[in-house]
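Listed here are the chains, written in short residue letters.
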Amino acid sequence: MAQPPQPWDYIAKIVSLGDSGSGKSSLTIRLCEGRFVSHHDVTIGVEFGSRIVPVGPPASLEYNINNPSSSSTTPSNITSSPNDRRGNNAAGGKKGSSQTPSQPQQKHMKLSLWDTAGQETYKSITRSYFRGASGALLVFDITRRNTFASVTSWLNDLRQIAEDNIVIILVGNKSDLAPSSTVTAGDAKNKRQVTREEAEEWCRANGVLEYVETSAKSGDNVERAFVGVAERIHQNIEAGKYDLNDRRSGVKGPGAGGGARTVNLGVSDGGTGKKASGGGCC
């Protein structure tokens, strides 16, 4: 009996890293399940999730991500809410979208998400999971300056182990606690300790692709962050920068990745949240 076609064209390994308590696990759960967990156990080792997202046109043009015809240098926001998640089809497409003969065939990428522990105790373990990653979210808490001070060390660890062409973005989480983009002394409603300008300057100085502020609680920009990484990886695929048949590669094509172990948290994959301490590449 013939196997049904895969609902994705590529699999990409994405790691999230940063200090404990910065919200890495909450971002993964928000993306995969469309919900917010206010109290989450400290990650031990690595947790896994997956989500299928559209990459390339026409979705990328609608999202205004990596759109060469756009006059704006900053991509438009994409928010991830429970309603948005359940409005997507099983392949991660937008509800109500339709293909026309004039449109290119929509590609889809399955993001294999590796949420690494942020505690120093587990750092020697989690660093090994950076190997083979094609994308990374470097996460800090914008209400805790010490987590921003640590991102340089995390970046150095990542670049020592990961491939040279890994796509990295800086994510400032918990924007719901910081309505202003600047630090405002005496403003109890604005708990921000790191300005947007500081984070953007850090990205320029360290060769990081871009800076995105997210809120795992409200869903603001969560999908924007992950899809932004996926889109840049797709650009690299189109440019021939990956060997899709190489088991060591962080990107694979259809039929690859057999035998890999993952725990799928995503609604679209029918998974349930679990913890794990090891697994295959993608």
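Quick caveat: nothing in here was measured; it's all calculated off a predicted structure. (Residues numbered from 1 in each chain as written. Predicted model: local features only at pLDDT ≥ 70, side-chain atom pairs only at ≥ 80, totals over all residues. Heavy atoms only, no water.)

Our focus in this paragraph is the packing of aromatic side chains. One pass over the full model with this rule turns up four aromatic pairs. Relative to tryptophan 114, the ring of phenylalanine 48 lies with its centre 4.8 Å away and its plane at 75°, an arrangement referred to as edge-to-face. One end of the pair, phenylalanine 48, is in strand S2 (residues 46-55); the other, tryptophan 114, is in strand S3 (residues 107-116), with 66 residues separating them in the sequence. Given a relative accessible area of 2%, phenylalanine 48 falls into the buried group. Note on tryptophan 114: relative accessible area 2%, which makes it buried. A centroid spacing of 6.1 Å and a plane angle of 15° characterise the contact between phenylalanine 140 and tyrosine 211, whose relative ring orientation is stacked. Placement of phenylalanine 140 in strand S4 (residues 135-141) and of tyrosine 211 in strand S6 (residues 211-213) is noted, with a sequence separation of 71 residues between them. Across the pair, exposure class does not vary: phenylalanine 140 and tyrosine 211 are buried alike. Taken together through their ring pairs, the aromatic side chains of Phe48, Trp114 and Tyr129 make up a single cluster. (Phe/Tyr/Trp six-rings, centres within 6.5 Å; stacked < 30°, edge-to-face > 60°. Helix = DSSP H or I, 4+ residues; strand = E, 2+ residues; numbered from the N terminus. Buried < 20%, exposed > 50% of the residue type's maximum accessible area, 1.4 Å probe, protein only.)

Contact pair helix H1 (residues 24-33) / helix H8 (residues 222-238): the axes reach a minimum separation of 9 Å and the direction vectors enclose 90°. Classed by the angle they form, the pair H1 and H8 counts as roughly perpendicular. Of the residues in H8, those touching H1 at Leu27, Arg30 and Leu31 are Val222, Glu223 and Phe226. Considering only residue class, the contact of H1 with H8 consists of four nonpolar, no polar and two charged. (Axes fitted to C-alpha atoms, helices over the stretch in contact; angles between N-to-C directions. Parallel < 35°, antiparallel > 145°, perpendicular 65-115°, else oblique. Contact = heavy atoms within 4.5 Å. Nonpolar A, V, L, I, M, F, W, Y, C, P; charged D, E, K, R; others polar.)

We now examine the pattern of salt bridges. Taken as a whole and judged by the stated rule, the model has nine salt bridges. Its salt-bridge partner being arginine 196, residue glutamate 213 comes within 3.3 Å of it at the nearest N-O pair. Taken together, the residues span a long stretch of sequence, with glutamate 213 in strand S6 and arginine 196 in helix H7 (residues 196-206) at a distance of 17 residues. Residue classification places glutamate 213 among the buried residues on the basis of a relative accessible area of 6%. Classification of arginine 196 by relative accessible area gives partly exposed; the value is 30%. With its nearest N and O atoms 2.7 Å apart, the salt bridge here joins glutamate 210 to arginine 224. Remark: arginine 224 occurs in helix H8 and glutamate 210 occurs in the loop between H7 and S6; sequence separation between them is 14 residues. Classification of arginine 224 by relative accessible area gives buried; the value is 2%. (Salt bridge = Lys/Arg side-chain N within 4 Å of Asp/Glu carboxyl O.)

Attention now goes to unusual backbone geometry. The linkage connecting proline 57 with the following residue, proline 58, adopts the cis geometry, with an omega of 5°. Here proline 58 lies in the loop between S2 and helix H2 (59-63). Even without being glycine, lysine 174 reaches a positive phi, approximately 75°. Within the secondary structure layout, lysine 174 lies in the loop between strand S5 (167-173) and H7. One non-glycine residue, asparagine 221, lies in positive phi territory at about 65°. Topologically, asparagine 221 is positioned in the loop between S6 and H8. For asparagine 221, a relative accessible area of 11% gives the class buried.

What follows is about the environment of leucine 158. In this structure, leucine 158 sits in helix H6 (residues 151-161). Here leucine 158 falls in the buried class, since its relative accessible area comes to 1%. Considered as a pair, leucine 158 and isoleucine 168 are ten residues apart in the sequence and their alpha carbons are 9.6 Å apart.

Where the model shows low pLDDT, its predicted coordinates should not be examined in detail. On average, residues of the protein chain score 77 in pLDDT, and 68% of them are at 70 or above. Across residues 70-97, confidence stays below pLDDT 50; counting only partners more than four residues off in sequence or on other chains, it has 59 contacts. Confidence over residues 257-282 falls short of pLDDT 50; this stretch has 68 contacts with residues more than four positions distant or in other chains. (pLDDT = per-residue confidence, 0-100.)

Listing the buried residues of H7 in full gives Ala199, Trp202 and Cys203. Down the axis of H7, the buried set is contained in an arc of 100°. They therefore lie on one face. In H7, those exposed residues whose orientation departs by more than 90 degrees from the buried face are Arg204 and Ala205. Where the residues of H7 are buried, they touch S4, helix H5 (145-149), H6, S5 and S6. Where H7 ends, the next residue or the one after it, glycine 207, has phi of about 65°, a positive value. (Arc of directions from axis to C-beta.)

Across the seven residues of S4, seven count as buried, placing the element largely inside the fold. With four bridges joining them, strand S1 (residues 10-17) and S4 adopt parallel strand pairing. Residue pairing across strands places leucine 17 opposite leucine 138, the latter belonging to S4. Taken together, the seven bridges between S4 and S5 define a ladder with parallel strand orientation. Its bridge partner lying in S5, leucine 138 is registered against leucine 170. (Pairing = 2+ DSSP bridges.)

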